[in-house]
Amino acid sequence: MAFRFACMHFLFFSIAIFWSSASADLVLSKVDRRIDLTSHIVRVSSSIKVENAGSAKVSELLLAVPDFQAKHLAYLSASNNEGKGKTKRSSSPLPIEIVQADGMPPNLTFYSVSLPKELEKGDNLLLDVFSVFTHLLQPFPEEITQADIQLLLFQDSALYLSPYEVKFQSLTVTVPSPRVESFTKLPNSKIVDKEIKYGPYENVPSFSYNPIIIHFENNQPFVVAQELVREIEISHWGNIQITENYNLIHGGAHLKGGFSRFEYQTRGRGVSSFRYLNVRLPPRAHSVYYRDHIGNISTSHLWGDSRKTELEIEPRYPMFGGWHTSFTIGYGLPLQDFLFQSEGKRFINFSFGCPMDEVVIDNLIVKVALPEGSKDISVSVPFPTKQWQEVKYSHLDVTGRPVVVLQKNNVIPEYNQYFQVYYKFNSLALLQEPCMLIVGFFLLFVTCIVYMHTDLSISRSTPSYLAKLQLEEVQATVQQIQKIIYQCLSIHDKLDASLQEMPRTGDVQTCKAVRKAADASFKEHVKELTTLLGFLQSSPQATSIWPKVAELVSKEKEMQEKLMLKHTTIVDSYEKKSSGRDIENRVAGIQQKLTSLRQDVDDLLDFLDNI
Amino acid sequence: MATAISSPVAVEWYPVQAFFLIAVGLAVTAYFFIYEATSTRKSRKLSTELSAALVASVFLGFGTLFLLLSSGVYV
């Protein structure tokens, strides 16, 4: 490995000699690099002071990254640092694009940063460049036993690799623990606690490369999600449902030999493994679940306050190097926290990356399922992603829900930025689901109606069939008669009530009017009854109940007569100004008869009801 | 200015709504089936049947929707 670096070193130097710089006007007057190796994600932050030493104006700066690092580059940003000292503040990120520089040495990838303003002769500018690499740390040894600690190799250059001359530079590498196996010793290099310092070095020519290797202990959880599929499903009935399918692996040194649960639990052997994962969910997350193909995984804890919800999950086994696990996390979120409306369009504002700490995601797929009937879909993501659309069928869907799919490789926590999906949706389309349910139920009822209305008899001329038809007709007639009798009885009640009212109000006219109306309706009912009774009498099926019906009708008729008599008597007596007691005595007999008749009629009605 | 979008009915009310709508729906359904069973071919009226069926299905439809929503099946 050292040989490889030496070759590279030679290569760069030799090329630098022949390369005549087109951008030689720029000089980096000061470069401060800090490399953070405390987790399995390598973060490099450089503060670069650029100076224009030439006469022409310069508007872009080239950053060089060796190819072996560039393929692991997950994130690169540059911003203009305008303040000084403690009042440092960075402006918005500057646009960066990958460029194919002609006449430049091979094995290097160049990124061009557009400067916020053109640099005149003698001007200088302070830039903050932040880059993140994944899978750059190599476990060495590559296989360890359960009791071993995990050691990693990191390779870089002590000198800042740049197409420009660097006047003054220094490098600080932070490691997670003071236990460093070895590091390349150079002039001006030293280790202080958890920091390894190189430099300062002065007046280094362009493309200088001085390889260093740091071999150090790192037992931080190497959580790598080989694939993470996040599904965000919007329901305008008040919920956003998130489902996250993880396929995790411990990306560190592989476990050699067997795993002993006894050693792990009694002696705490297994420092290189991890046991818990922390998931930071948005506030007000509800209905959280954690399961895999087998079912619910009970080793999880959830707590939250108004600002966040924290979920601590424990996979089914402690994760050692090279071990896989896959599981699903799901939760619901209130709609109003993430869905907004602006200028006639609705949009969801949601976080892109994984809600876990320090996870590298090799392949992240974010699916946003919009409600059925969404139109004019557009996506706004602050960084480049692959995008396409799918259709998903879920509960009560007809045409399917449009799904926006975003895909990105090599995702790190720095990509946990908000993205937006804009779409148009008519609120009336909300009623589609209930309408489908209503139609479903209605069809059920209609089926019942059709069943009751269809005649499924095979032969329509058999005697039994005809008898059944006749019986049904008789039943319908009896029901009609009963209905008429009930109507008559209610008229009786009305008449009675008007009679009782009269002595109190003294209004004879109203009483007479009620009587007149009653007479008219009785006459009508009698007409109806005559036809119905005629049919019943002639029907052979009705012979059994005919006497009862006839009795009912005659009793009711008698009741009518008695009631009329009572009415006439009372009204007459009242008009003759007889005393109350006198009237009572006169109608007492009639009243008694009426009561007994009413009893008989009620009994007969009950009897007919039960047939 | 972006305004937040919330559900047409407060989510907390879904269980109560589901209960009452389904209760009314089942009552009307019961009336419908009693009517079907007790009326004869002659006395049955199609309009009564259809209107009872429609009222019952509207209540049952919305009731089922809110039952689904309150049990966490967001359609």
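Computed from a prediction, not measured in an experiment: that's the story for all the values here. (Residues numbered from 1 in each chain as written. Chains lettered and ligands numbered in written order. Predicted model: local features only at pLDDT ≥ 70, side-chain atom pairs only at ≥ 80, totals over all residues. Heavy atoms only, no water.)

A. Expanded view of the interface of chain A and chain B. With 37 residues of chain A in contact, the opposing surface of chain B contributes 39 residues. Between chain A and chain B the total buried area reaches about 3400 Å² when both faces are included, carbon and sulfur atoms providing 72% of it. Its largest share of buried area at the contact with chain B, chain A owes to A:Trp237, A:Phe445 and A:Met452, together 21% of the area lost on that side. For the pair chain A and chain B, the number of links is zero salt bridges. Summed over the shared surface of chain A and chain B, the result is six residue pairs in polar contact (both at pLDDT 80 or more). Put simply, the parts of the chain that give the side of chain A that touches chain B at least two residues each are strand E17 (223–235), strand E25 (339–342), strand E26 (345–351), helix H4 (432–453) and helix H5 (463–505) of chain A. Split by residue class, the side of chain A that touches chain B holds 18 nonpolar, 12 polar and seven charged. (Contact = heavy atoms within 4.5 Å. Buried area = accessible area lost by both parts, 1.4 Å probe. Salt bridge = Lys/Arg side-chain N within 4 Å of Asp/Glu carboxyl O. Polar contact = N/O pair within 3.5 Å; in protein donor to acceptor, adjacent residues only side chain to side chain. Helix = DSSP H or I, 4+ residues; strand = E, 2+ residues; numbered from the N terminus. Nonpolar A, V, L, I, M, F, W, Y, C, P; charged D, E, K, R; others polar.)

B. Focus on the packing of aromatic side chains. All names here are of chain A. A full pass over the atoms with the stated rule returns 25 aromatic pairs over all chains. Between the aromatic rings of phenylalanine 352 and phenylalanine 383, the centroid separation amounts to 5.0 Å while the plane-to-plane angle is 75°, which identifies the pairing as edge-to-face. Residue phenylalanine 352 is located in the loop between E26 and strand E27 (360–369), and its partner phenylalanine 383 is located in the loop between strand E28 (375–380) and strand E29 (386–392); the two are separated by 31 residues in the primary sequence. Each member of the pair, phenylalanine 352 as well as phenylalanine 383, carries the same accessibility label: buried. Put simply, the rings of Tyr75, Phe130, Phe352, Phe383, Tyr415 and Phe419 pair up and form one aromatic cluster. Looking at lysine 408, its charged tip hangs above the ring of tyrosine 415, at a distance of 4.8 Å from the centre. Here the basic side chain of lysine 548 rests over the ring of phenylalanine 607, its NZ or CZ set 4.8 Å away from the ring centre. (Phe/Tyr/Trp six-rings, centres within 6.5 Å; stacked < 30°, edge-to-face > 60°. Buried < 20%, exposed > 50% of the residue type's maximum accessible area, 1.4 Å probe, protein only. Lys NZ or Arg CZ within 6 Å of the ring centre and 35° of its normal.)

C. Spotlight on the layout of surface pockets. All names here are of chain A. Empty space within the largest pocket amounts to approximately 730 Å³. Lining the largest pocket are 24 residues, with Leu76, Phe383, Pro384, Lys408 and Tyr415 sitting closest to its centre. Within the residue set of the lining of the largest pocket, elements represented by two or more residues are strand E4 (73–81), strand E6 (96–99) and strand E30 (401–411). With six residues, E4 is the largest single contributor of residues to the lining of the largest pocket. Residue composition of the lining of the largest pocket, by class: 15 nonpolar, six polar and three charged. (1 Å grid on protein atoms, 1.4 Å probe; cavity = no way out; pocket = protein on both sides within 12 Å on 5 of 7 lines; lining within 4 Å. Points joined across faces, edges and corners; volume = space filled by probe spheres on them.)

D. Quick peek at the UniProt feature "transmembrane region" (unreviewed entry) in chain B. Residue and element names in this part refer to chain B. Mapped onto the present numbering, the UniProt feature "transmembrane region" (unreviewed entry) falls at residues 18–38 and 50–74. The span residues 18–38 carries 100% helix and 0% strand; its end-to-end C-alpha distance comes to 30 Å. Secondary structure over residues 50–74 splits into 84% helix and 0% strand, and the C-alpha atoms at its two ends are 31 Å apart. (UniProt positions renumbered as here; feature names shortened; annotations may be inferred.)

E. Quick look at the UniProt feature "transmembrane region" (unreviewed entry) in chain A. Mapped onto this structure's residue numbering, the UniProt feature "transmembrane region" (unreviewed entry) falls at residues 436–454 of chain A. Taken as a whole, residues 436–454 of chain A contains 95% helix and 0% strand, while its terminal C-alpha atoms sit 27 Å from one another.

F. How the structure looks around the pairing of strand E15 (residues 195–204) of chain A. All names here are of chain A. Sheet analysis places strand E12 (residues 165–174) next to E15, joined by seven bridges and oriented antiparallel. Pairing of glutamine 169 across the sheet is with tyrosine 201, part of E15. Two elements, strand E14 (residues 189–192) and E15, share four bridges in a ladder whose sense is antiparallel. Bridge pairing in E15 places lysine 190 opposite lysine 197. Joining the antiparallel neighbours E14 and E15 is a turn of two residues, in which aspartate 193 adopts a positive phi near 50°. (Pairing = 2+ DSSP bridges.)

G. The arrangement of helix H8 (residues 580–609) of chain A in detail. Residue and element names in this part refer to chain A. Taking 1.5 Å of rise per residue, the 30 residues of H8 would be expected to cover 44 Å, and the 40 Å separating its terminal C-alpha atoms lies within 8% of that figure. A bend of about 45° at valine 587 is the largest found in H8. Turning to H8, its buried residues are Ile583, Val587, Ile590, Leu594, Leu597, Val601, Leu604, Leu605 and Leu608. (Expected span 1.5 Å × (residues − 1). Bend = angle between axes of the 7 residues up to and from the residue.)

H. A look at empty space enclosed by the protein. Tallied over the full model, the rule gives four cavities of 30 Å³ or more. By volume, the largest cavity is sized at about 280 Å³. Along the walls of the largest cavity sit 21 residues, with A:Ala64, A:Val65, A:Gln69, A:Ser131 and A:Tyr160 positioned nearest its centre. Sorting the residues of the lining of the largest cavity by element identifies strand E1 (26–36), strand E2 (42–52), strand E3 (58–66), E4, strand E8 (124–133) and strand E11 (151–157) of chain A as the ones contributing at least two each. With four residues, the top contributor of residues to the lining of the largest cavity is E3(A). Class assignment for the residues of the lining of the largest cavity results in 15 nonpolar, four polar and two charged. As for the second largest cavity, its lining consists of 13 residues, of which A:Pro371, A:Glu372, A:Phe425, A:Glu433 and B:Val75 are closest to the centre. If you list the elements that add at least two residues to the lining of the second largest cavity, you get E17 and H4 of chain A.

I. Structural context of the nonpolar core. Residues and elements named next belong to chain A. Grouped together as the largest cluster of nonpolar side chains are 65 residues, with contacts concentrated most on Phe327, Ile329, Ile348, Met356, Val368 and Phe419. Those residues in contact with valine 368 that lie beyond four places of it in its chain are Ile232, Ile234, Ile348, Pro402, Val403, Val404, Phe419 and Val421. Residues Leu26, Leu62, Phe68 and Leu115 belong to the second largest nonpolar core, which totals 57 residues. (Core = buried A, V, L, I, M, F, W, Y, C linked by side-chain atoms within 4.5 Å.)

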